[in-house]
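The primary structure of each chain is shown beneath.
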Amino acid sequence: MAGVCQKTDPLQGSFRGRPGVKFDDVVELWHENRTPLILCALVLLAATRVYIRNKGELKPSKALPKESQSTSVTEDAKRRSNVVITGRINTTGPDGPRRIKGGVVKKPVAEDKVYHDKSRPVKVLIFFSSVTTKTEKIAKQYLATLSRSAAQLSQDTGRRVLKPEVHDLADIDFEDFFVSPAKSAENAYLFYLFLLPSYNIDTINDTLLQHLEETHHDFRIDTAPLASLLGYSVFGFGDKEGWPDEAEGYCFQAKELDRWMSKLTARKRAYPVGMGDMRGNHVERFDEWALGIQEVIAHVARNGSLGEGVPGSGDAVESDGEDVVDEDDGEVLFEDEASGGEKGSSRPLDDVEDLGRMLRTSANKPSTNSKKAPLAVDFTSYGWSTKKRTQVAPVIKEMVAKNSPTYAALTKQGYSIVGSHSGVKICRWTKSALRGRGSCYKYSLYGINSHQCMETTPSLSCSNKCVFCWRHGTNPVGTTWRWVVDPPEMIFEGVKEGHYKKIRMLRGVPGVRAERYAEALKIRHCALSLVGEPIFYPHINEFLAMLHAERISSFLVCNAQHPDQLAALKAVTQLYVSIDASNKDSLRKIDRPLHRDFWERFQTCLDILREKRFRHRTVFRLTLVKGFNVEDEAEGYAQLVERGLPCFVEVKGVTYCGTSTSSNAGLSMSNVPFYWEVCEFVNALEKRLKDKGLRYGIAAEHAHSCCILLASERFSVNGRWHTHIDYTKFFELLEERGPDGDWTPEDYMGEPTPEWALWGNGGFDPRDARVDRKGRKIENVVVREAPPPDSW
């Protein structure tokens, strides 16, 4: 034992208690064999590393062929959603494409961890669109049914189910609902339902679908910004007589909406898309869908989620056709070097899903070691797939087709539709002037004969949904021109024919004056402000030239949302820009623009107007809507005037039309300002302009229209206002110098504004007489100051 534990000195012939082993012998042995020993150690380490690595990798089933094994591994990795960031280029095989892998690690979130607060209530929001009001009626009936069942659902599930809400898509701001879930005062979890008819014309449906697509592809917004919704479902209304089946367009917009909502909600589809034929079985199909929705809402209220494991249930790991088209797994695929091997050795594809993620080399190409250039990939596009690389010519349709409900609605309102996107209508002031009962405010302010004025537009589409517009339920909307373009010659002849036809229909109306009727058969003025956005028409300059060639003056109104078209505009008699709000927030609420960058476009248009003020008579048109843009906004408007420096500023109170559309937009008679309120606003605005050193004054008025004109002192000569236009001089300048000629608005300034039209005199045409509905004369009484409270 002592011999074992003893540690002797190496110099005495033993090593670590082992007698007979000398240290010098060990050192000598190491020096003689160190090279093979080091090599053996390295080989052992390499073998160990290879063994550990192979053991940790996923092994495909031996029962599968080689091709299927590769697909299975790829699908399994895809389902685990683990995409590792790396810069290596890997080859999947001798025939496979080179892959540049990239992306971020995606960690699936357990559904039951998202909605764990059972104390929060559940609320259903119903969205609908309707042109013919049929869907609107169904939506309101369904709202009543769902409201009655809310209490029963609360009792059955033990969780509060709040009274649902219904929203017309034409009346809401999409940013409030579809960029992030709507805000709920009750802090409720939301459930979205959509009732959507499909139209072959441009409606708010197209705008919604475009908005959802832009939201999905906006890099500043999360890929699934609506993922916190409890769920969603869509019911589509179609017409099988026009579209026999789904392949030919039956309920196509409902299905498209379902697809985009699936992406934005991270696949929270609560129930399959329902579809019903409006000419047949829509009642039965809708009842079936509604019953299924009620069961889903009950399930969600109990469990806080849609469930998992069943395809189509909304489970976050489901695989469907939506992913095939637009999504990828974080890889960008390039064509590999020429395939090697024998003929027929190129790898077949076992799954259609792989077609969108793989480019195979041709099996018939001879093998070669030369490298090929990678396929060009446009990284600026929204998505990349084989399907998207196939260029399909877009289908260009008519803006207002003759067989569309829009056409029927507009013609019923008195419009004459010209071609596929233009219209003309007789203004009520034209009828009034023909009978000697008063003219439009444009006669008081600018000298336009109302009975010789044609109100028309070359574009019935608009890019705003203004709260005071009574037409946005019937006219198309859009942000870009995507329709058939009618030639300006056809539009010009068509609108003249339509106007004259309507004038001739008035010759038998009691009270029409013969001399004015004869004058009305010769158009002298054109107001391009009927409906829609006239500057939207691609050939607006050619159309204006045709008007001017026949010595018809042009008064063009635009909404300050199309700066490129505004900058390219040539000669026009007077150019209006609608200024409906003094700040971004108010403009969004009042005009409800479709462009996301509406405020930037608005400001750019003001800058363009500033540059044009010495070439055109420019006008800011302010429409005052009480409760929206009247209170304490004079300073904001003064800043806008300072930026654009227009020749004139028209301030006009909103006109209430009493339509259901206006009511849905939040307007009532209480939003119409009294004339004295408009006067107070104009006085405040004039004061703010003078405080800023801007030379503007109150020039004229037309109290009957609740309209007042502020003018630049450029149009004050020897202390007298000259707001009227010398139309003969305008056409002489145009013919002499051309549409790009050098002249100023002062060059065709008319005679002094008539005394009766000046501020303080009412502005009613003394040639005419105001009458009541029974034709009895009434006295012109103008109230410019607030009456005492006790007289209200």
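Worth saying up front: this structure is predicted, and the values here are computed from it rather than measured.

1. Considerations on the overall build of the protein
In terms of helices and strands, the protein carries 24 helices and 22 strands. Burial status across the protein gives 49% buried among its 792 residues. Put simply, of all contacts in the protein between residues at least 6 apart along the chain, 76% involve residues at least 24 apart. For the protein, the exposed surface amounts to about 39500 Å²; the carbon and sulfur share of it is 53%.

2. Overview of the pairing of strand S6 (residues 165-168)
Remember that side chains alternate between the two faces of the sheet whenever the strand is regular. With 4 bridges connecting them, strand S5 (residues 122-128) and S6 associate as parallel partners. The residue of S6 that forms the bridge with Ile 126 is Val 166. In this fold, the crossover linking S5 to S6 by way of helix H5 (residues 134-157) has right-handed handedness.

3. A short note on unusual backbone geometry
Here the phi dihedral of Asn 187 falls at roughly 55°; this positive angle occurs in a residue that is not glycine. Tracing the sequence through the fold places Asn 187 in the loop between helix H6 (175-178) and strand S7 (189-197). If you check the backbone angles, Cys 706 has positive phi at about 60° while not being a glycine. Along the polypeptide, Cys 706 turns up in the loop between strand S19 (696-702) and strand S20 (707-712).

4. Considering H5
Over its 24 residues, H5 extends 33 Å from the first C-alpha to the last, a length consistent with the 34 Å expected when each residue adds 1.5 Å. The sharpest bend along H5 measures roughly 35° and falls at Ala 150. Among the residues of H5, those classed as buried are Thr 135, Glu 136, Ile 138, Ala 139, Tyr 142, Leu 143, Leu 146, Ser 149, Ala 150, Leu 153 and Thr 157. Looking at the residues trailing H5, positive phi occurs at Gly 158, about 75°.

5. Details of the sheet that holds strand S9 (residues 274-277)
The 5 strands are arranged S6-S5-S7-S8-S9 in an open sheet whose pairing can be described as parallel. The strands lining the two open edges of the sheet, one partner per strand, are S6 and S9. In this sheet, neighbouring strand axes are inclined to one another by 20° on average, regardless of whether the strands run parallel or antiparallel. This element, H5, spans S5, S6, S7 and strand S8 (231-238) of the sheet and lies at about 165° to S5. Across the sheet, helix H9 (residues 282-303) is in contact with S5, S7, S8 and S9; its angle to S8 comes to roughly 175°.

6. Remarks on the sheet that holds strand S14 (residues 525-528)
An order of S11-S12-S13-S14-S15-S16-S17-S18-S20-S19 is seen for the 10 strands of this open sheet, with the pairing classed as mixed. A single partner strand is all that each edge strand has here, and the edge strands are strand S11 (416-418) and S19. Between one strand and the next, the sheet's axes are offset by a mean angle of 25°, whatever the strand orientation. Examined bridge by bridge, strand S15 (residues 553-558) and strand S16 (residues 574-578) share 4 bridges and lie parallel to one another. Along S16, the bridge assignment pairs Leu 556 with Leu 575.

7. What to know about the environment of Pro 487
Within the secondary structure, Pro 487 sits in the loop between strand S13 (453-457) and helix H15 (488-504). Considered as a pair, Pro 487 and Gly 419 are 68 residues apart in the sequence and their alpha carbons are 9.1 Å apart.

8. Digging into the confidence of the model for the protein
It should be kept in mind that the predicted coordinates are not to be read in detail where pLDDT is low. Put simply, the protein has an average pLDDT of 77, and 74% of its residues get 70 or more. The model gives residues 309-392 a pLDDT under 50, and that stretch makes 148 contacts with residues more than four places away or in other chains.

9. A word on the nonpolar core
Leu 547, Leu 556, Ile 579, Leu 622, Val 651 and Leu 685 are the most contacted members of the largest nonpolar core, which has 74 residues in total. Among all residues touching Leu 685, those that are not within four sequence positions of it are Leu 622, Ala 634, Tyr 637, Ala 638, Val 649, Val 651 and Leu 710.

10. What about the pattern of salt bridges?
Any two side chains of opposite charge can pair if their charged atoms end up close together. One pass over the structure, following the stated rule, counts 35 salt bridges. Its salt-bridge partner being Glu 736, residue Arg 737 comes within 4.0 Å of it at the nearest N-O pair. According to the relative accessible area criterion, Arg 737 is partly exposed, its value standing at 39%. Since its relative accessible area comes to 60%, Glu 736 is described here as exposed. Each of the salt bridges in this network shares a partner with another, and the network as a whole consists of Glu 635, Glu 642, Lys 687, Arg 688, Asp 691 and Lys 692.

11. Considerations on the pairing of strand S18 (residues 648-653)
Counting buried positions along S18 gives 6 out of 6 residues, so the element sits mostly inside the fold. The side-chain alternation of S18 yields two buried faces, one formed by Phe 648, Glu 650 and Lys 652 and the other by Val 649, Val 651 and Gly 653. Where strand S17 (residues 618-624) meets S18, 6 bridges bridge the pair, whose relative direction is parallel. Residue pairing in the sheet places Val 619 in a bridge with Phe 648 of S18. As judged from the 5 bridges shared by S18 and S20, these two strands associate in the antiparallel manner. Its bridge partner being in S20, Lys 652 is matched across the sheet by Cys 707.

12. Comments concerning a negative patch on the surface
Among the surface-exposed residues, Asp 24, Asp 25, Glu 28 and Glu 32 lie close enough to one another that they form a single negatively charged patch. With respect to the secondary-structure elements, Asp 25 resides in helix H2 (residues 23-56).

13. Describing the state of the cysteines
Scanning all chains against the criterion turns up 0 disulfides. Sulfur of Cys 605: no disulfide; nearest cysteine sulfur belongs to Cys 558 and is 6.2 Å away. Since its relative accessible area comes to 1%, Cys 605 is described here as buried.

14. Some remarks on the environment of Leu 125
Here Leu 125 lies in strand S5. With residues near it in sequence (within four places) discarded, Leu 125 still touches Glu 165, His 167, Phe 177, Ala 182, Leu 190, Phe 191, Tyr 192 and Leu 193.

15. A short note on the environment of Leu 162
Along the chain, Leu 162 turns up in the loop between H5 and S6. Ignoring anything within four residues of it in the chain, the contact list for Leu 162 reads Pro 121, Val 122, Lys 123, Ala 150, Glu 186 and Ala 188.

16. With respect to the side chain of Asn 205
Counting through the fold element by element, Asn 205 comes out in helix H7 (residues 204-217). Separated by 3.0 Å, the side chains of Asn 205 and Gln 253 make a polar contact. If sequence neighbours within four positions are ignored, Asn 205 has contacts with Ser 129, Leu 196, Pro 197, Tyr 199 and Gln 253.

17. A few points about the packing of H7 against helix H8 (residues 252-264)
In contact at an axis separation of 10 Å, H7 and H8 are set at 25° when each is read in the N-to-C sense. In terms of their interaxial angle, H7 and H8 are classed as roughly parallel. The crossing of H7 and H8 is left-handed. Of the residues in H8, those in contact with Asn 205, Asp 206, Leu 208, Leu 209, Leu 212, Glu 213, Thr 215, His 216 and His 217 of H7 are Gln 253, Glu 256, Leu 257, Trp 260, Met 261, Lys 263 and Leu 264. For the contact of H7 with H8, the per-class residue count stands at 7 nonpolar, 5 polar and 4 charged.

Each value, and the rule that gives it
Residues numbered from 1 in each chain as written. Predicted model: local features only at pLDDT ≥ 70, side-chain atom pairs only at ≥ 80, totals over all residues. Heavy atoms only, no water. Helix = DSSP H or I, 4+ residues; strand = E, 2+ residues; numbered from the N terminus. Buried < 20%, exposed > 50% of the residue type's maximum accessible area, 1.4 Å probe, protein only. Contact = heavy atoms within 4.5 Å. Areas by Shrake-Rupley, 256 points an atom, 1.4 Å probe, with all protein chains shown as cover. Pairing = 2+ DSSP bridges. Right-handed = clockwise from strand over helix to strand, strands pointing away. Expected span 1.5 Å × (residues − 1). Bend = angle between axes of the 7 residues up to and from the residue. Axes fitted to C-alpha atoms, helices over the stretch in contact; angles between N-to-C directions. pLDDT = per-residue confidence, 0-100. Core = buried A, V, L, I, M, F, W, Y, C linked by side-chain atoms within 4.5 Å. Salt bridge = Lys/Arg side-chain N within 4 Å of Asp/Glu carboxyl O. Patch = residues over 30% accessible without salt bridge, like charges linked within 9 Å, V, L, I, M, F, W, Y side chains within 5 Å. Lys, Arg positive; Asp, Glu negative; His and termini not counted. Charge placed at Lys NZ, Arg CZ, Asp CG, Glu CD. Disulfide = S-S within 2.5 Å. Polar contact = N/O pair within 3.5 Å; in protein donor to acceptor, adjacent residues only side chain to side chain. Parallel < 35°, antiparallel > 145°, perpendicular 65-115°, else oblique. Left-handed = near helix turned anticlockwise from the far one by under 90°. Nonpolar A, V, L, I, M, F, W, Y, C, P; charged D, E, K, R; others polar.

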